[in-house]
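Geometric and topological summary
Spelled out, the chains give:
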Amino acid sequence: MEIFTKSFESKNGKIKVHGFKTGKLAIKKAALSAKNPGFLSTILSFRDKFFGEWLPIWVWLIEHPEGLFLIDTGLSNDVKQNNYFNQLDFISKFYFEKQMKFEIEDNEEIDKQLKKIGINCSTISKIILTHLHIDHTGGLKHFPKIPVLVNQREWETKDGSFPKLFPENLKIEQIKLENRFENFENSFYLTKGKDLIMVETQGHTRGHSSIILKLNEDKFIFFAGDVAYNEKRLVEKIFSATIKDNRKNIKSCNDIMNLATAKGVIFLPSHDPESGVRLMNGIELLNSDVV
Ligand SMILES: [Zn+2]
């Protein structure tokens, strides 16, 4: 397993960002690209016999002067047990078992990877979730006493089956995104230094959020969750069938593109194979080869 670590000097001090691949997933080829994302496209994709390529599942750790912030928690190793999805309703179980594929090595769960860089799960200050899908929340079981920050809208509009896979002793803190940050209407400052910001990027789910690390006035790292599965898809507006709200997702992508025309933005989606390399080399959106 390869861990991607990059140090930055910011106006608030030294900051380190680590990227971990916590397993991988695949969805049906037909579901990867949909003209009209939504329920019907998702159902139609069931007929496809073929899965698309494996996609990594990134988790990010920010070592910040104000503490250790973990963005998402990746996949749970329990996904390999035959009964993992048994507690879900019939449709969710069918979807996860037949329409998706998951793989994770024993040493790829987030607790083991944090240990590898000398960090104990109990020392994490806050967990910040982009959304509540199982490939982002599977590792929550390792953090029973740590505050878990979620956009209130995401918590209130979540699929009813998801909490069945959450650990019992979760410390969820619902965040109201009431500030404006740059061109994002709904955002929330996660640090006193106002350099770590949750911004609402609706579409993939109803309260999907991204996290921005502001290194200085002109340089931002954008932890994008599932706004787009990779940078090329953001630029070309290619979306998976499973998008909850296509119109809002396009608006979120436009907001990100507008930010990237004004500032240097390193764009790091949760399932982009290139996210780690982009972090290491500081490759900015709209300055890379894909455009
Ligand atoms: Zn995802």
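Located above this text is the structure these notes cover.
Remember, predicted model here, so these are calculated numbers, not experimental data. (Residues numbered from 1 in each chain as written. Predicted model: local features only at pLDDT ≥ 70, side-chain atom pairs only at ≥ 80, totals over all residues. Heavy atoms only, no water.)

1. Focus on the overall build of the protein
Inclusion rule: In DSSP terms, a helix is any run of H or I states spanning at least four residues, a strand is any run of E spanning at least two, and both are numbered starting from the N terminus. For a compact globule the rule gives 2.2 Å times the number of residues to the power 0.38, and the radius of gyration it is set against comes from C-alpha atoms. Here's how the labels work: a residue is buried when its accessible area is under 20% of the maximum for its type, exposed when over 50%, partly exposed in between, all with a 1.4 Å probe on protein chains only. We call two residues in contact when some of their heavy atoms are within 4.5 Å. With residues, only the protein chains shown are counted as cover, and all accessible areas are computed by Shrake-Rupley using a 1.4 Å probe. Here Asp and Glu are counted as negative and Lys and Arg as positive; His is not counted, and neither are the chain ends. Taken as the charge centre is NZ of Lys, CZ of Arg, CG of Asp or CD of Glu, depending on the residue.
When its secondary structure is counted, the protein shows nine helices and 14 strands. Relative to a compact globule of 291 residues, whose C-alpha radius of gyration would be 19 Å, the protein shows 18 Å and is just as compact. With 291 residues in all, the protein has 55% of them scored as buried. Look at the contacts in the protein between residues 6 or more apart in sequence, and 65% of them connect residues 24 or more apart. For the protein, the exposed surface amounts to about 13,000 Å²; the carbon and sulfur share of it is 48%. Taken as two groups, the 41 positive and 38 negative side-chain charges of the protein have centres that lie 2 Å from each other.

2. Remarks on the nonpolar core
Convention followed: Buried Ala, Val, Leu, Ile, Met, Phe, Trp, Tyr and Cys residues that are joined via side-chain atoms within 4.5 Å together make up what is termed a nonpolar core.
Among the nonpolar cores identified, the biggest contains 43 residues, and L114 and I124 are the most heavily contacted of them. Of all the secondary-structure elements, those providing two or more residues to this core are β2 (13-27), α1 (29-32), β3 (55-64), β4 (67-71), α3 (90-99), β5 (100-103), α4 (110-116) and β7 (147-151). Looking at this core element by element, the count peaks at four residues for β3. Once you skip the residues sitting within four places of it in the chain, L114 turns out to touch F20, L61, L70, I119, C121, I124 and F143. Grouped together as the second largest cluster of nonpolar side chains are 24 residues, I15, L190, M198 and L213 included.

3. Comments concerning the coordination of the zinc ion
Octahedral metal centres with six donors ideally show angles of 90 or 180 degrees, and tetrahedral centres with four donors ideally show 109.5 degrees. Put simply, the test is: Distances define the donors: N, O and S atoms within 2.8 Å of the metal qualify, as do those within 3.2 Å of Na, K or Ca. Water is excluded, so some sites may look unfinished.
For the zinc ion, the protein coordination sphere consists of D135 (OD), H136 (NE2), D226 (OD) and H271 (NE2), at 2.1 to 2.2 Å. Sequence spacing among the residues donating to the zinc ion works out to D-H-x89-D-x44-H. Each member of the pair, D135 together with H136, is buried.

4. Let's talk about the packing of aromatic side chains
Let me state the cut-off plainly: Any pair of Phe, Tyr and Trp rings, taking the six-membered ring for Trp, is counted once the centres come within 6.5 Å. Such a pair is stacked with planes under 30 degrees apart, edge-to-face with planes over 60 apart, and tilted for the rest. Distance and angle both matter: a charge sits over a ring if NZ of Lys or CZ of Arg is within 6 Å of the ring centre and within 35 degrees of the ring normal.
One pass over the structure, following the stated rule, counts 15 aromatic pairs. With a centroid separation of 5.4 Å and an interplanar angle of 65 degrees, the aromatic rings of F46 and F94 are classed as edge-to-face. In this pair, F46 sits in the loop between α2 (39-45) and β3 while F94 sits in helix α3, placing the two residues 48 residues apart along the sequence. Accessibility expressed as a relative area gives 24% for F46, which makes it partly exposed. Here F94 falls in the partly exposed class, since its relative accessible area comes to 32%. Measuring from centroid to centroid gives 6.2 Å for W155 and F166, while their planes differ by 25 degrees, and the two rings are stacked. Highlighted residues: W155 in helix α6 (residues 152-156) and F166 in the loop between α6 and β8 (171-175), separated in sequence by eleven residues. The same class applies to W155 as to F166, namely buried. Members of the aromatic cluster, joined through ring pairs, are F46, Y84, F85, F94, Y95, F96 and F102. Sitting above the plane of the W155 ring, K158 keeps its charged end 3.9 Å from the centroid. Here K194 stacks its cationic end above the ring of Y189, 4.8 Å away from the centre of that ring.

5. Brief notes about a nonpolar patch on the surface
Condition: Two joining distances apply to patches: 9 Å for like charges and 5 Å for nonpolar side chains (Val, Leu, Ile, Met, Phe, Trp, Tyr), and every residue must have over 30% relative accessible area and no salt bridge. Each salt bridge in this description consists of a side-chain nitrogen of Lys or Arg and a carboxyl oxygen of Asp or Glu lying within 4 Å of one another.
On the surface, a nonpolar cluster with roughly 370 Å² of combined accessible area is contributed by F90, I91 and F94. Along the polypeptide, F90 turns up in helix α3.

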